[in-house]
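Per-entry structural report
Single-letter residue listing:
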Amino acid sequence: MFKAVARIFRTPDLRRKIGFTLGIVALFRLGSFIPAPFVDFGNVQTCLAANQGTSGLYELVNLFSGGALLQLSIFALGIMPYITASIIVQLLRVVIPHFETLYKEGQAGQSRLTQYTRYLTIALGVLQSTTLITVARSGALFGTSTVAECGQLITNDAWYAILLMVITMTAGTGVIMWMGELITERGIGNGMSLLIFTSIASTFPSSLWLIAETQSFETFLLVLAVGIVVVALVVFVELSQRRIPVQYAKRVVGRRTYGGNNTYIPIKVNMAGVVPVIFASSLLYLPALIAQFNQPQAGQEPAGWVTWINNYLVRGDHPLYMLLYFLLIVGFTYFYVAITFNPEEVADNMKKFGGFIPGIRAGRPTAEYLDYVLTRITLPGSIYLGLIALLPLIALVAVGANQNFPFGGASILIIVGVGLETVKQIDSQLQQRHYEGLLR
């Protein structure tokens, strides 16, 4: 292992790629601490110190921005607009036939889809930055009581100041998107995924130290031990797959023989990745967002439905919230897997190239068999995602840790998934130059 790591730094090309990636990551983290124009940095830091736990409404965005959201920095929106735009474009392939046609055209068509994703990212950046600034001006970002103690976060309410802040935060999103594409082209791994990895990993030390300060050192050690076990289990499940054997018939074309080899279709236990967790979190945030904009005036009683939402759908430690969260994740897992993996398309491609599953006829029987296997293997995958996502909420009840519990939810899934993919890419780069790679 140590010899393989030493070979990484002895290989000039690989060393240059890793150095470039680390440089971009350092610039990305630096931008997370530069405040946007007309933001009172001192008051923001005072609010952060007074309110250690993140509001549930902004928890996911703040997690993906590495804490930059609540600091109102130039990179406050982080990579979240790009993630949302990518998911929307992927889902639109089912609704808009033109998008599906572009996807099937190969490199040229997918480049057009990537361009659409960039345009949608900028549009979402404008929308989300406007919403963030509005919430910060109203004092609801940290809670009205906290803002009353630390003062106003935005020093200028003029229209030109708001416009400049919107442009700055949207431009920050564009710069982050450009950085991610640079890493993909000239660095190691998928750039967008690595930036998300960096944002989430940067919050781990502060989250663990907060648990040690607010609870006890024994609780901190317990959380650390649980985290090691959870990481090991997540790695095991993420690498688990069902391999469906496929044989290809021999074809003689002129003097050459094609086919006749055996391969397999890998179906992962967790084919949906972290997307169902993001979907479920976003959907559960909608009622809280609606209730927030329907708060009563001073001295008036809130409406009954607002009180019900605040009691049951805002607090993460409530059993109803946990049950809805779990069921939404299970449902979205089946929905997303059905969109991303089409058994009929796979069966048609196999039939076109003379492939078949032993014991299964080509065509519709193959599609039905793949659908049967996919439905059965998605059930444990969806339950696994639901349980991992509930870990921060269970920790909130069990040890009093806030919902930013580091070893659970979307954070641990992204950390492990991106880590495994990056290690595989480094290993393949090493094996191009040496017979032994990073993994054995």
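Higher on the page you've got the structure.
Heads up: these notes are all about the structure in this document. (Residues numbered from 1 in each chain as written. Predicted model: local features only at pLDDT ≥ 70, side-chain atom pairs only at ≥ 80, totals over all residues. Heavy atoms only, no water.)

**Remarks on the packing of helix α6 (residues 97-104) against helix α7 (residues 107-138)**
How we decide: Working convention: axes come from line fits to C-alpha atoms, limited for helices to the stretch in contact. Angles between N-to-C directions cover 0 to 180 degrees. Helix and strand labels come from DSSP, where a helix needs a run of H or I of at least four residues and a strand needs a run of E of at least two; each type is numbered from the N terminus. What sets the label is the angle itself: under 35 degrees gives roughly parallel, over 145 gives roughly antiparallel, 65 to 115 gives roughly perpendicular, and the rest give oblique. Should any heavy atoms of two residues lie within 4.5 Å, those residues are considered in contact. Only Asp, Glu, Lys and Arg are considered charged in this grouping, and only Ala, Val, Leu, Ile, Met, Phe, Trp, Tyr, Cys and Pro are considered nonpolar; every other residue, Gly among them, is considered polar.
At a closest axis distance of 6 Å, the pairing of α6 and α7 adopts a crossing angle of 130°. The orientation of α6 with respect to α7, classified from their angle, is oblique. Counted together, His 98, Phe 99, Leu 102 and Tyr 103 of α6 and Gly 109, Gln 110, Arg 112, Leu 113 and Tyr 116 of α7 form the full contact between these two elements. The class makeup of the residues in the contact of α6 with α7 is five nonpolar, three polar and one charged.

**A short note on helix α2 (residues 12-31)**
Heads up, the rule is: Expected span of a helix, by definition, is 1.5 Å for each gap between consecutive residues, and there is one gap fewer than residues. Type-normalised accessible area, obtained with a 1.4 Å probe on protein chains alone, sets the label of each residue: buried when under 20%, exposed when over 50%, and partly exposed for intermediate values. To be clear, the arc concerns the directions from the helix axis to the C-beta atoms.
With 20 residues, α2 ought to run about 28 Å at 1.5 Å a step, and its terminal C-alpha atoms sit 29 Å apart, in line with that. Buried within α2 are the following residues: Leu 14, Lys 17, Ile 18, Thr 21, Ile 24, Val 25, Phe 28, Arg 29 and Gly 31. With its buried residues spanning 160° around the axis, α2 presents them on a single face. Facing away from the buried side of α2 by more than 90 degrees, the exposed set consists of Arg 16, Leu 22 and Leu 30.

**Side note on the packing of helix α5 (residues 80-95) against α7**
Note the threshold: Handedness of each helix crossing follows the sense of rotation of the near helix against the far helix: counterclockwise by less than a right angle gives left-handed, clockwise gives right-handed.
Put simply, α5 and α7 touch, their axes get as near as 8 Å, and they point 130° apart. One finds that α5 runs oblique with respect to α7. Crossing of α5 over α7 shows right-handed handedness. Contacts from Pro 81, Tyr 82, Thr 84, Ala 85, Ser 86, Ile 88 and Val 89 in α5 reach Leu 113, Thr 117, Leu 120, Thr 121, Leu 124, Gly 125 and Gln 128 in α7. For the contact of α5 with α7, the residue count by class is eight nonpolar, six polar and no charged.

**Regarding the packing of aromatic side chains**
As a reminder of what qualifies: Only Phe, Tyr and Trp rings are paired, with Trp represented by its six-membered ring, and only when their centres lie within 6.5 Å; those with planes under 30 degrees apart are stacked, over 60 edge-to-face, the remainder tilted. A positively charged side chain is recorded as over a ring if its NZ (Lys) or CZ (Arg) lies within 6 Å of the ring centre. The angle to the ring normal must also be within 35 degrees.
One pass over the full model with this rule turns up six aromatic pairs. With a centroid separation of 6.2 Å and 45° between ring planes, the pair formed by Tyr 321 and Tyr 325 is classed as tilted. Of this pair, Tyr 321 and Tyr 325 are both found in helix α14 (residues 319-340), four residues apart, which corresponds to roughly one turn of the helix. Each member of the aromatic cluster is reached from another via a ring pair, and the members are Phe 279, Phe 332 and Tyr 336. Over the ring of Tyr 103 we find Arg 93; its NZ or CZ atom is 3.7 Å from the centre of that ring.

**Focus: the sheet that holds strand β1 (residues 241-248)**
Selection criterion: By this definition, two strands are paired if DSSP reports at least two bridges between them.
Across the sheet, which stays open at both edges, the three strands sit in the order β4-β1-β5 with antiparallel pairing between neighbours. Each end of this open sheet is capped by a strand with a single partner; those strands are β4 (262-268) and β5 (355-356). As judged from the seven bridges shared by β1 and β4, these two strands associate in the antiparallel manner. Looking across to β4, one finds that Gln 247 is bridged to Asn 262.

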